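# Working through the structure, step by step
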Amino acid sequence: MPPLLELEDVHAQYGQVRVLHGVSLAVDDGQVVSVLGPNGAGKTTTLRAISGAVRSSGSIVFDGRKLGRSPERAARIGVAHVPEGRGTFSELTVWENLRLGAYTADRPDFDRALEHFPWLAERRNQAAGTLSGGEQQMLALARALMSQPRLLLLDEPSLGLAPLVVREIFELVSTLNEKEGLTVLVVEQNANIALDNSERAYVLEAGRVALQGTSRDLRKDESVRRSYLGY
Amino acid sequence: MALLRLDNVTLRFGGILALADLSLEVQTSEILGLIGPNGAGKTTAFNVITRLYRPDSGDVVFDGASLLNTPPHKIVRRGIARTFQNVALFSTMSVLENVQMGAHAHHNARGPSEIVDYVGLTPVARRIVRGLPFGTLKRVELARALASAPRLLLLDEPAGGLNHEEVLELGDFILRLRRDFDLTILLVEHHMGLVMGLADRVHVLDFGRSIASGTPPEVQANPAVIQAYLGAE
């Protein structure tokens with residue numbers, strides 16, 4: 001079976017600054033795959049290229065269809081993106097943020113978000129900008145789930161979250177993966193928890209894939225241990 | 001001597017008690033870690049110190065005088081600078097221009113270019129900030145704060161966007177900063193390796209209240225902190 005998502009030789013740049021120099025990676029249907037890499041390696045840009053938020057060249061294929069031009073098209077065919085730094089609409093209420101997440105769905109299914117984040121109900125009329133940083137991160141994830149995606153792109157979900165909550169978020173990702181077959185591509189600096197919760201991983205360096213393999217094998221790699229795991 | 005003191009600070013947003021009778025002290029030259037669950041009031045405390053919020057009761061005392069009569073735009077002249085959790089830079093300006101903004105109201109003996117160099121941003125000094133990697137943006141914010149010659153530096157999650165090795169370097173870098181710029185530092189951070197390695201003392205908030213304070217080992221062994229925040233490994 002072909003992978004659900006496949007990138008081949010993807011290049012991207014911001015103005016004159018080239019960020020991706022030929023990234024190739026694949027995510028199988030039903031897998032959780034993590035992406036590690038130092039600051040500036042191109043992790044965020046890779047996710048942005050997939051959802052079409054930045055123009056790229058090369059090939060990005062999702063479920064047999066070309067991606068990479070239009071974020072709306074990506075959302076319509078089942079790709080949800082939780083961007084770096086959350087990207088919640090701070091002037092809108094919690095409920096309005098969720099409803100926007102369901103923009104491509106026939107009818108917003110709030111119960112689905114509430115099932116995983118019950119506290120959102122009591123905050124439904126609060127402006128998102130008045131939530132704490134961590135709460136906004138959770139709202140961004142809930143909003144992404146509202147589109148009932150097949151592929152979830154998660155950009156550093158642990159950013160701004162307390163250690164306990166980081167664990168909860170990754171438990172939730174695992175649950176969604178196991179129970180609902182959600183496929184996940186996650187960029188994460190907390191390499192320990194990312195490798196624990198993914199089957200395979202890629203290490204990006206300077207806009208290229210430097211290493212790839214099963215999470216178990218990467219854990220044994222000397223350079224991964226030194227740079228990402230700290231033991 | 002305490003450079004900064006919060007005395008019984010209480011702040012409500014509607015029905016929510018954001019800070020509940022919070023008292024804490026930051027001693028001159030110390031690094032105080034401020035940790036706690038999401039929504040505990042850490043960033044709110046920063047916003048009270050920088051006068052974006054006025055407490056309903058209590059006082060904020062900096063260098064022996066209350067800050068409550070200092071408007072937010074004059075806080076930087078009192079010698080307080082901060083960074084932001086989710087980055088608040090001038091996104092269409094260059095790195096160097098952002099740092100120059102930091103020197104606008106109050107400036108360091110080291111000029112903006114020298115500070116850009118000190119923090120290692122010279123290679124991107126002329127780049128527009130938008131589109132730079134998150135970890136780099138955090139470094140630009142730090143440089144902007146330093147350019148205003150602060151005595152007290154408030155760091156809101158400086159480790160965001162960095163891998164393990166880069167966080168280790170950041171720890172060494174913050175210690176060097178404290179020495180070279182004569183700083184007192186209040187540090188909000190969820191990366192426990194960084195906080196526990198850097199902080200002289202740690203203060204723990206939960207639901208706007210202090211639940212513990214002490215040295216890093218004391219706080220890490222505190223059952224209330226483990227339950228509310230760290231979780232059992």
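The structure reproduced in this document is the subject of the present report. (Residues numbered from 1 in each chain as written. Chains lettered and ligands numbered in written order. Predicted model: local features only at pLDDT ≥ 70, side-chain atom pairs only at ≥ 80, totals over all residues.)

### Some details on the interface of chain A and chain B
Facing the 29 residues of chain A at the interface are 26 residues of chain B. Secondary structure elements with two or more residues in the side of chain A that touches chain B: helix H5 (133–145), helix H6 (163–180) and helix H9 (222–229) of chain A. Split by residue class, the side of chain A that touches chain B holds 12 nonpolar, 11 polar and 6 charged. (Contact = placed C-beta atoms within 7 Å. Helix = DSSP H or I, 4+ residues; strand = E, 2+ residues; numbered from the N terminus. Nonpolar A, V, L, I, M, F, W, Y, C, P; charged D, E, K, R; others polar.)

### Here we look at the packing of helix H3 (residues 95–102) of chain B against helix H5 (residues 134–147) of chain B
Residues and elements named next belong to chain B. Interaxial distance between H3 and H5 falls to 6 Å at its minimum, and their mutual angle equals 35 degrees. Classified by chirality, the crossing of H5 by H3 is right-handed. Contacts from Val95, Asn98, Val99, Met101 and Gly102 of H3 reach H5 at Val140, Ala143, Arg144, Ala145 and Ala147. For the contact of H3 with H5, a count of residues per class yields 7 nonpolar, 2 polar and 1 charged. (Axes fitted to C-alpha atoms, helices over the stretch in contact; angles between N-to-C directions. Left-handed = near helix turned anticlockwise from the far one by under 90°.)

### Examining the sheet that holds strand S4 (residues 57–62) of chain B
Backbone hydrogen bonds are what pair the strands of a sheet, in a parallel or an antiparallel way. All names here are of chain B. Strand order in the open sheet formed by 4 strands is S2-S1-S4-S5, with antiparallel pairing between adjacent strands. Pairing within the sheet leaves two strands with one partner each, and these edge strands are strand S2 (16–27) and strand S5 (65–66). Two strands pair when backbone bridges link them, and S4 and S5 are joined in this way by 2 bridges, in the antiparallel orientation. The residue bridging valine 61 from the neighbouring strand is serine 66, located in S5. The sheet strands contacting helix H1 (residues 42–49) are strand S1 (2–13), S2 and S4, and the helix crosses S2 at an angle near 70 degrees. (Pairing = 2+ DSSP bridges.)

Distances and angles like these do not, on their own, reveal function.
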